[in-house]
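Take a look at the letters that make up each chain.
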Amino acid sequence: MAKIGIAVFPGSNCDRDVHHVLNNVIGVQADFIWHTKDRITGYDAMIVPGGFAFGDRLRAGIIAAHSPIVQEIKRMAKAGMPVLGICNGFQILVESGLLPGALMMNDSLRFVCRWTKVQVRNNKTPFTSQFASKQTFGIPVAHGEGRYVADSKILKDLKKNNQIVLQYSNDDPNGSTDLIAAICNEEGNVMGMMPHPERASESILVADNSNNDAITIFRSLVANLKQKAVA
Amino acid sequence: MAKYIVQVVIENKPYINDPEGETIHRDLVVKGGYSSVQSVRSAKMLKMAVTDKSEKEAETTVKKLCEELRIFNPVVSNCTVQVSDKL
């Protein structure tokens, strides 16, 4: 049976939402792992959840990126294990060097917290494999530093390697380059996304005119882990 | 050994737009009558008090830690390090 680890830092605040969705909605075992842990065994995937790890001091994600658990996550990612960063988790993965670019203050200079729509641009990753090609779905964002920025060389590589996974659709909540909402690494096993699938996985939580399609992020991951277990 | 104040300025690269600097320029400086000011860029500054043998060595230590600990994200920012004071 697949087991998923959820990294927890001082200041994480979406860890319990992810834990609830995985354990109670999807039905897969997921456990909290404190940031001081430097050796992790027995887990098949890691999720770095949202929040304000270390109070976003200096720059969102940078202090957490130096923590023992992130060094271990880097090692696990190198071995091919799926790693998903959500919101602050995306910022942490970028600052740790697992994903390229930067997440900067929103163009509006304000924290944005609302529903938006994203389109799937790559449905070959372990986190999007159960979406239809170019599927659009509703999902909330809640961030101050969510403007994805990269230089022209990184952008060229992202496009060439099909690393842009989600793009905002008919909406621009933060001023991200090319409306980027999620990217993955070249190998595809590490993904970072600014929107919050854990807040949109149950019908009771979704906005009007939307549905809980965002749960497909977690369903894809779990299906991928099961497939791996069989193979 | 002496104590030096080392200033670290983290500034976004020119290709990154800076809505804070633009707003300060447009809505405060120019509207306030200072039309000779052509632009404003915002930045972050850290002051580090460093005990070291010389000014040069204090600067080298801080430069090294900025790179090593990613005090700035090199994709989007530049970092300048300068000793501003000796205590």
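Just so it is clear, the model here is predicted, and its values are computed rather than measured.

(A) Spotlight on the overall build of chain B. Assigned secondary structure in chain B consists of two helices and three strands. Along chain B, from the amino end to the carboxyl end, the secondary structure elements read β-α-β-α-β. The proportion of buried residues among the 87 residues of chain B is 11%. Within chain B, residue pairs in contact and separated by at least 24 positions form 68% of the contacts whose partners lie at least 6 positions apart.

(B) Spatial organisation of the overall build of chain A. The helix and strand inventory of chain A stands at six helices and 11 strands. Relative to the 2.2 N^0.38 estimate, which gives 17 Å for 231 residues, the radius of gyration of chain A is 16 Å and therefore close to what a compact globule would have. Taking the principal axes of the C-alpha coordinates as reference, chain A spans close to 40 × 40 × 35 Å. Burial status across chain A gives 53% buried among its 231 residues.

(C) Region of interest: the environment of Val28(A). All names here are of chain A. One can find Val 28 in the loop between α1 (15-26) and β2 (29-34). You can call Val 28 buried: it has 20 C-beta atoms within 10 Å. Separated by 75 residues in sequence, Val 28 and Leu 103 have C-alpha atoms that sit 31 Å apart. Aside from chain neighbours lying at most four places away, what touches Val 28 is Ala 2, Ile 4, Leu 22 and Val 222.

(D) Quick peek at the sheet that holds β2(A). All names here are of chain A. Spatially, nine strands are ordered β2-β1-β3-β4-β11-β10-β9-β6-β7 in an open sheet, and the strand pairing comes out mixed. Strands with a single pairing partner mark the edges of an open sheet, and in this sheet they are β2 and β7 (136-143). Ignoring strand direction, the axes of neighbouring strands in this sheet form an average angle of 25°.

(E) Examining the sheet that holds strand β2 (residues 43-52) of chain B more closely. All names here are of chain B. Here we have three strands laid out as an open sheet, ordered β2-β1-β3, and antiparallel in their pairing. The open sheet is flanked by β2 and β3 (77-86), the only strands paired with a single partner. Looking at each pair of strands side by side, their axes are set apart by 25° on average, direction ignored. Pairing between strand β1 (residues 2-12) and β2: 10 bridges, direction antiparallel. Bridge pairing in β2 links Val 8 to Leu 46. Where helix α2 (residues 55-68) meets the sheet, it contacts β1, β2 and β3, and its direction lies at approximately 150° from that of β3.

(F) Region of the structure containing the packing of α1(A) against helix α6 (residues 216-230) of chain A. All names here are of chain A. Running from N to C, α1 and α6 cross one another at 70°; their axes reach a closest spacing of 11 Å. As summarised for this structure, α1 and α6 are arranged roughly perpendicular, according to the angle between their axes. As for the relative orientation of α1 and α6, their crossing is right-handed in sense. From α1, Val 21, Leu 22 and Ile 26 reach across to α6, where they touch Phe 218, Arg 219 and Val 222. Tallied by class, residues from the contact of α1 with α6 come to five nonpolar, no polar and one charged.

(G) View of the interface of chain B and chain A. The interface of chain B with chain A comprises eight residues on the first partner and 13 residues on the second. A breakdown of the residues in the side of chain B that touches chain A according to their chemical character gives five nonpolar, one polar and two charged.

(H) Structural view of the nonpolar core. Counting 74 residues, the largest nonpolar core has Met46(A), Ile47(A) and Val83(A) as its most contacted members. Apart from residues lying up to four places away in sequence, Ile47(A) is in contact with Ile4(A), Ile6(A), Val18(A), Leu84(A), Ile86(A) and Gly89(A). Val6(B), Val62(B), Ile71(B) and Val81(B) belong to the second-largest nonpolar core, a separate cluster that totals eight residues.

(I) The pairing of strand β11 (residues 190-193) of chain A, seen in detail. All names here are of chain A. Side-chain alternation along β11 places Val 190 and Gly 192 on one buried face and Met 191 and Met 193 on a second face that is also buried. One ladder, built from four bridges, connects strand β4 (residues 83-86) with β11; its direction is parallel. Looking at β11, one finds that Ile 86 is bridged to Met 193. Where strand β10 (residues 180-184) folds back onto β11 in an antiparallel hairpin, the turn is made up of five residues, including Gly 188, whose phi is positive at roughly 90°.

(J) Just helix α3 (residues 68-78) of chain A, in detail. Residues and elements named next belong to chain A. Along α3, the residues that are buried comprise Ile 69, Val 70, Ile 73, Met 76 and Ala 77. Buried residues of α3, seen end-on, are gathered within an arc of 110° and therefore sit on one face of the element. What points out from α3, more than 90 degrees from its buried face, is the exposed set Gln 71 and Lys 78. Two residues or fewer past α3, Gly 80 is found with a positive phi of approximately 100°.

(K) Spatial organisation of the pairing of strand β9 (residues 164-168) of chain A. Residues and elements named next belong to chain A. Counting buried residues along β9, four of its five residues qualify, which places the element largely inside the surrounding structure. Where strand β6 (residues 112-120) and β9 come together, three bridges link them in antiparallel fashion. By the bridge assignment, Val 120 is partnered in β9 with Leu 166. The pairing of β9 with β10 spans three bridges and is antiparallel. Looking at β10, one finds that Leu 166 is bridged to Ala 182.

Cut-offs used in this document
The numbering scheme is per chain: residues are counted from 1 as the chain's sequence reads. To read the labels, note that chains go from A and ligands from 1, taken in the order they are written. Since the coordinates come from a predicted model, pLDDT governs what is reported: local features require at least 70, and pairs of side-chain atoms require 80 or more to be given and counted, while whole-chain, interface and lining totals use all residues. Here a helix means four or more residues in a row that DSSP labels H or I, a strand means two or more in a row labelled E, and each is numbered from the N terminus. Any residue whose C-beta has 12 or fewer other C-beta atoms within 10 Å is treated as exposed, any with 20 or more as buried, and any in between as partly exposed, C-beta atoms being built from the backbone. Each residue gets a C-beta atom placed from its backbone, and two residues are in contact if those atoms lie within 7 Å. Each radius of gyration is computed over the set of C-alpha atoms, and the globule rule expresses the reference value as 2.2 Å times the number of residues to the power 0.38. Strands are labelled as partners when DSSP assigns at least two bridges between them. Angles here are taken between N-to-C directions and fall from 0 to 180 degrees, while the axes themselves are lines fitted to C-alpha atoms, restricted in helices to the stretch in contact. Comment on the angle field: the value is read as roughly parallel under 35 degrees, roughly antiparallel over 145, roughly perpendicular from 65 to 115, and oblique elsewhere. Put simply, a crossing is left-handed when the front helix is turned counterclockwise from the back one by less than a right angle, and right-handed when it is turned clockwise. Only Asp, Glu, Lys and Arg are considered charged, only Ala, Val, Leu, Ile, Met, Phe, Trp, Tyr, Cys and Pro nonpolar, and every remaining residue, Gly among them, polar. The term nonpolar core refers to a set of buried Ala, Val, Leu, Ile, Met, Phe, Trp, Tyr and Cys residues connected through C-beta atoms within 7 Å. Directions pointing from the helix axis toward each C-beta atom define the arc.

Taken by themselves, the reported measurements are silent on function.
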